[in-house]
Amino acid sequence: MANKKIGIITSGGDAPGMNAAVRSIVRTGIYNGFDLIGFKRGFKGLLDGEYSNLTVRSVSGTINLGGTKLHTGRCPEMKTSIGLNKAVKIIKEMNLEGLVVIGGDGSLAAANALSKHGIKAISIPASIDNDVFGTDETIGYDTALNTAVEAIDKIRDTANSHDRVFVVEIMGREHGFLTLAVGMAAGVEVIIVPEVKINRKELYMQLKQGFINGKTSLIIAYAEGCGSSVQFAQEVAKNTGMDVRVSNLGYIQRGGTPTARTRILASVFGAHAVKLLKEGKSNLLVGITNGKISYTPIKTAISSEKTFDIESYNILKKLSI
Ligand code: F6P
């Protein structure tokens, strides 16, 4: 009898550690008697029939690689009933036992829609934004966090030398999860996130007070979801008379060698996704909650909002005096 087949898709924005997750699914899948198929460029590869068989050796030397060797993309077609029905038909024709979708929010929605049509779909959260409900941490987040912290450490050198204010823009879509963690680890003076409304007058006073207190630089970690960082910096300069510069960390946050923590998370998540499919389960997101592996219905994950850690935000405020 032929082996059952599992399909793998990396979807949405790439995140460091996606390759480590694919490697884990392939190897634990083969260990459990499955054949593995990797679709190219996210759901587009599924719709266009672009895929290849993944073997134990085809994922050799990938655990340490950033990006995704399967390539990725956002696929608007999957949001239409025509695209969705086509995907369901292809998966049934290919006789796939199930599909593991590695990605962020958009990928979860597609996996949920497929599940509703009787396809066994398991989600692995991968996004530098760490904005997925049902997991304390997404694959790639720790790597992006370390990349951004290293960058701010460097910015701090030049900021100190010139007694300057820097507004550093951090990715995160409409959330400030990454910005909060970066801000805490880099010891920034202020973070601006969509989740917390700030009082501009108080902010300007705080900045002025910083220099009065003997600081030689001020760094503001600014979440991209708050709007233009350039405009914000201009307003700060106008209202404080300070020398303000902007540094948008941009896409360097998405690339690079995954950290050990990201690799471990990806490896463990991948193995659990295979375990769930072997048990015949579907519509589950593999995550980590309070240090333990957790499974959350994908439909719950997409209809719930992850909470912002306001306690850490308040701690940061106290640390920045
Ligand atoms: O979701 C990851 C992310 O990098 C966000 O932080 C950012 O808003 C977005 O993707 C950028 O998307 P794109 O790759 O389409 O430019």
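> Give a detailed account of the overall build of the protein chain, specifying residues and quantitative values.
Of the regular secondary structure elements, the protein chain holds eleven helices and eleven strands. The C-alpha atoms of the protein chain give 22 Å as radius of gyration, which agrees with the globular expectation for 321 residues (20 Å, within 12%). Each of the three principal axes of the protein chain carries a C-alpha extent, and together these read 75 × 40 × 35 Å. In the protein chain, which comprises 321 residues, the proportion classed as buried is 53%. Residue pairs in contact within the protein chain that sit at least 24 positions apart in sequence constitute 76% of those at least 6 positions apart. Surface summary for the protein chain: the accessible area is close to 14500 Å², and the carbon and sulfur share equals 52%. Taken as two groups, the 38 positive and 29 negative side-chain charges of the protein chain have centres that lie 5 Å from each other.

> Report on the sheet that holds strand E8 (residues 218-223), specifying residues and quantitative values.
Across a sheet, paired strands are connected by hydrogen bonds in the backbone, their directions being either parallel or antiparallel. In space, the four strands of this open sheet follow the order E7-E8-E6-E9, with parallel pairing throughout. Each edge of the sheet is formed by a strand with only one pairing partner; in this case those strands are strand E7 (190-192) and strand E9 (244-248). Neighbour to neighbour, the strand axes of the sheet diverge by 20° on average, direction disregarded. Packing of helix H8 (residues 229-240) onto the sheet brings it into contact with strand E6 (165-170), E7, E8 and E9, and relative to E9 it is tilted by some 165°.

> An account of the nonpolar core is needed here, citing residue identities and associated values.
By size, the foremost hydrophobic cluster in this structure holds 61 residues, and its most contacted members are Ile8 and Ile102. The element contributing the most residues to this core is helix H5 (residues 141-162), with nine residues. Taken together, domain 1 (5-140 + 258-303) and domain 2 (142-255) each give at least three residues to this core, which thus spans both. Excluding anything up to four places from it in sequence, Ile8 contacts Val22, Ile25, Val26, Leu36, Ile37, Gly38, Phe39, Leu54, Leu70, Leu99, Val100 and Ile102. Core analysis: the second largest hydrophobic core is formed by 28 residues, Val101, Leu108, Ala111 and Leu285 among them.

> Could you give me a rundown of the domain arrangement of the protein chain, with the residues and numbers involved?
If you check the domain split of the protein chain, you get domain 1 (5-140 + 258-303) and domain 2 (142-255). One C-alpha centre belongs to domain 1, the other to domain 2, and the line joining them spans 34 Å. At the interface, 15 residues of domain 1 touch 13 residues of domain 2. Of the roughly 1200 Å² buried between domain 1 and domain 2, counting both surfaces, carbon and sulfur atoms make up 50%. Three residues, Ile128, Asp129 and Thr259, lead the burial of domain 1 against domain 2; their summed loss comes to 42% of the area buried on that side. Taken together, the links from domain 1 to domain 2 amount to two salt bridges. Across the pair Asp129 and Arg173 runs a salt bridge, and its minimum N-O distance is 3.9 Å. Across the domain 1-domain 2 interface, the total number found is seven residue pairs in polar contact (both at pLDDT 80 or more). Among the residues forming the side of domain 1 that touches domain 2, the class breakdown is four nonpolar, five polar and six charged.

> I'd like to hear about the pattern of salt bridges, residue by residue, with values.
Any two side chains of opposite charge can pair, so long as their charged atoms come close to each other. As enumerated under the stated definition, the model contains 15 salt bridges in all. Note that Lys215 is salt-bridged to Glu189, the shortest N-O span being 3.0 Å. Taken together, the positions of Lys215 in the loop between helix H7 (200-212) and E8 and Glu189 in the loop between helix H6 (177-186) and E7 put the pair 26 residues apart, joining distant regions of the chain. What emerges from the salt-bridge pattern is a single network uniting Arg156, Glu189 and Lys215.

> Can you explain the packing of aromatic side chains? Please cite residues and give values.
Applying the stated rule across the entire model yields four aromatic pairs. Centre to centre, the rings of Phe39 and Tyr51 are 5.6 Å apart; their planes meet at 65°, and the pair counts as edge-to-face. Taken together, the positions of Phe39 in strand E2 (residues 35-39) and Tyr51 in strand E3 (residues 51-54) put the pair twelve residues apart, joining distant regions of the chain. When the centroid spacing of 6.2 Å and the interplanar angle of 40° are considered together, the rings of Phe177 and Phe308 count as tilted. Residue Phe177 is located in helix H6, and its partner Phe308 is located in the loop between helix H10 (298-303) and helix H11 (310-319); the two are separated by 131 residues in the primary sequence. Each member of the pair Phe177 and Phe308 is classed as buried. What links up through ring pairs into an aromatic cluster is the set Phe177, Phe308 and Tyr313. Between the NZ or CZ atom of Lys306 and the centre of the ring of Phe177, over which it lies, the distance is 5.7 Å.

What counts and what doesn't
- Residues numbered from 1 in each chain as written.
- Predicted model: local features only at pLDDT ≥ 70, side-chain atom pairs only at ≥ 80, totals over all residues.
- Heavy atoms only, no water.
- Helix = DSSP H or I, 4+ residues; strand = E, 2+ residues; numbered from the N terminus.
- Rg over C-alpha atoms; globule rule 2.2 N^0.38 Å.
- Buried < 20%, exposed > 50% of the residue type's maximum accessible area, 1.4 Å probe, protein only.
- Contact = heavy atoms within 4.5 Å.
- Areas by Shrake-Rupley, 256 points an atom, 1.4 Å probe, with all protein chains shown as cover.
- Lys, Arg positive; Asp, Glu negative; His and termini not counted.
- Charge placed at Lys NZ, Arg CZ, Asp CG, Glu CD.
- Pairing = 2+ DSSP bridges.
- Axes fitted to C-alpha atoms, helices over the stretch in contact; angles between N-to-C directions.
- Core = buried A, V, L, I, M, F, W, Y, C linked by side-chain atoms within 4.5 Å.
- Domains from an automatic or database assignment.
- Buried area = accessible area lost by both parts, 1.4 Å probe.
- Salt bridge = Lys/Arg side-chain N within 4 Å of Asp/Glu carboxyl O.
- Polar contact = N/O pair within 3.5 Å; in protein donor to acceptor, adjacent residues only side chain to side chain.
- Nonpolar A, V, L, I, M, F, W, Y, C, P; charged D, E, K, R; others polar.
- Phe/Tyr/Trp six-rings, centres within 6.5 Å; stacked < 30°, edge-to-face > 60°.
- Lys NZ or Arg CZ within 6 Å of the ring centre and 35° of its normal.

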